[in-house]
Amino acid sequence: MNEELCREARNKAGTYFKEGYNCAEAVFLTFREYLAPEMPPETVKLVTGLGGGVGHAGCMCGALSGSIIALNMLTGRTSNKLSRNSAYGHAKEFHDRFKKEFGATCCRVLSKHPYESKEHLSGCLKITGNTARLLMEYLLEKDLYPA
């Protein structure tokens, strides 16, 4: 496995987060660069509301949501005539891997601190970066990363 590429993905996502992007945006922008550089950066607006576990609802972690969207860049379907099995399978498998790594998938469980507090942001930075690393590991392991 390419450890340098995994470390680079972690660092890129962390940098985006430090620049003020939320967890979902940071992961999305990182993998947009790797997987779909032709996609305009403005498409980040599609994932903004996923931060904070869907708009601070505390549900599924935005870094995980952003990862599933990135996976869909590779496995999603482009027509209702196509099977969604591949996308569903990879989404479920990555979800389970995330849960094993972090112990939960819900934002409110992953961080008990108030949103935007120093403690919350510090924890989210780590989760966001490590989720990007985990996703790159997954893509490489599954031979999904474009050569």
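Our subject is the structure listed above.
What comes next concerns the included structure. (Residues numbered from 1 in each chain as written. Predicted model: local features only at pLDDT ≥ 70, side-chain atom pairs only at ≥ 80, totals over all residues. Heavy atoms only, no water.)

### What about the nonpolar core?
Counting 35 residues, the largest nonpolar core has Phe 31, Tyr 34, Leu 71, Phe 94, Leu 135, Met 136 and Leu 139 as its most contacted members. Broken down by secondary-structure element, the contributors of at least two residues to this core are helix H1 (3-18), helix H2 (23-35), helix H4 (62-75), helix H5 (85-102) and helix H7 (118-141). Looking at this core element by element, the count peaks at nine residues for H2. Leaving out residues up to four positions away in the same chain, Leu 139 has contacts with Phe 31, Leu 35, Leu 71, Leu 74, Leu 144 and Tyr 145. (Core = buried A, V, L, I, M, F, W, Y, C linked by side-chain atoms within 4.5 Å. Buried < 20%, exposed > 50% of the residue type's maximum accessible area, 1.4 Å probe, protein only. Helix = DSSP H or I, 4+ residues; strand = E, 2+ residues; numbered from the N terminus. Contact = heavy atoms within 4.5 Å.)

### Structural notes on the pattern of salt bridges
Within the structure shown, the criterion is met by nine salt bridges. Between Lys 142 and Glu 93 there is a salt bridge; the shortest N-O distance is 2.7 Å. Linking Lys 142 in the segment after H7 with Glu 93 in helix H5, this pair joins segments that are 49 residues apart in sequence. Residue classification places Lys 142 among the partly exposed residues on the basis of a relative accessible area of 29%. Residues Glu 141 and Arg 97 are paired through a salt bridge, measuring 2.9 Å at the closest nitrogen-oxygen approach. Placement of the pair is Glu 141 in helix H7 and Arg 97 in helix H5, with a sequence separation of 44 residues. Take Glu 141: its relative accessible area is 41%, and that puts it in the partly exposed class. Look at Arg 97 and you get partly exposed, because its relative accessible area is 21%. (Salt bridge = Lys/Arg side-chain N within 4 Å of Asp/Glu carboxyl O.)

### Remarks on H2
Here H2 contains 13 residues, and its C-alpha end-to-end distance of 18 Å stays within 8% of the 18 Å for a straight helix at 1.5 Å per residue. Buried residues dominate H2, accounting for twelve of its 13 residues. In this structure Asn 22 caps H2, since a side-chain oxygen of it lies 3.0 Å from the backbone nitrogen of Ala 24. (Expected span 1.5 Å × (residues − 1). Polar contact = N/O pair within 3.5 Å; in protein donor to acceptor, adjacent residues only side chain to side chain.)

### So, the environment of Ser 111
Looking at where Ser 111 falls in the secondary structure, it is placed in the loop between helix H6 (107-110) and H7. With relative accessibility at 11%, the residue Ser 111 sits in the buried group. A sequence separation of 72 residues divides Ser 111 from Met 39, and the C-alpha atoms of the two residues are 32 Å apart. Only 3.5 Å separates the side chain of Ser 111 from the backbone nitrogen of His 113, close enough to count as a polar contact.

### What about the packing of aromatic side chains?
Enumeration over the complete set of coordinates arrives at five aromatic pairs. Ring geometry for Tyr 16 against Tyr 21: centres 5.7 Å apart, planes inclined by 85°, an arrangement best described as edge-to-face. Using a relative accessible area of 16% as the deciding quantity, one classes Tyr 16 as buried. When the centroid spacing of 5.7 Å and the interplanar angle of 75° are considered together, the rings of Phe 94 and Tyr 138 count as edge-to-face. With Phe 94 in helix H5 and Tyr 138 in helix H7, this residue pair connects regions lying 44 residues apart in the sequence. A relative accessible area of 0% places Phe 94 in the buried class. Take Tyr 138: its relative accessible area is 0%, and that puts it in the buried class. Aromatic ring contacts, followed pair by pair, group Phe 31, Tyr 34 and Tyr 145 into a single cluster. Geometry around Tyr 34 places Lys 12 over its ring, the cationic atom sitting 5.7 Å from the centre. (Phe/Tyr/Trp six-rings, centres within 6.5 Å; stacked < 30°, edge-to-face > 60°. Lys NZ or Arg CZ within 6 Å of the ring centre and 35° of its normal.)

### Quick look at unusual backbone geometry
The phi torsion at Val 54 lies on the positive side, around 75°, for a residue other than glycine. Within the secondary structure, Val 54 is located in helix H3 (residues 51-54). On the accessibility criterion, Val 54 (42% relative accessible area) is partly exposed. One non-glycine residue, His 56, lies in the positive phi region at around 70°. The residue His 56 is located in the loop between H3 and H4 in this model.

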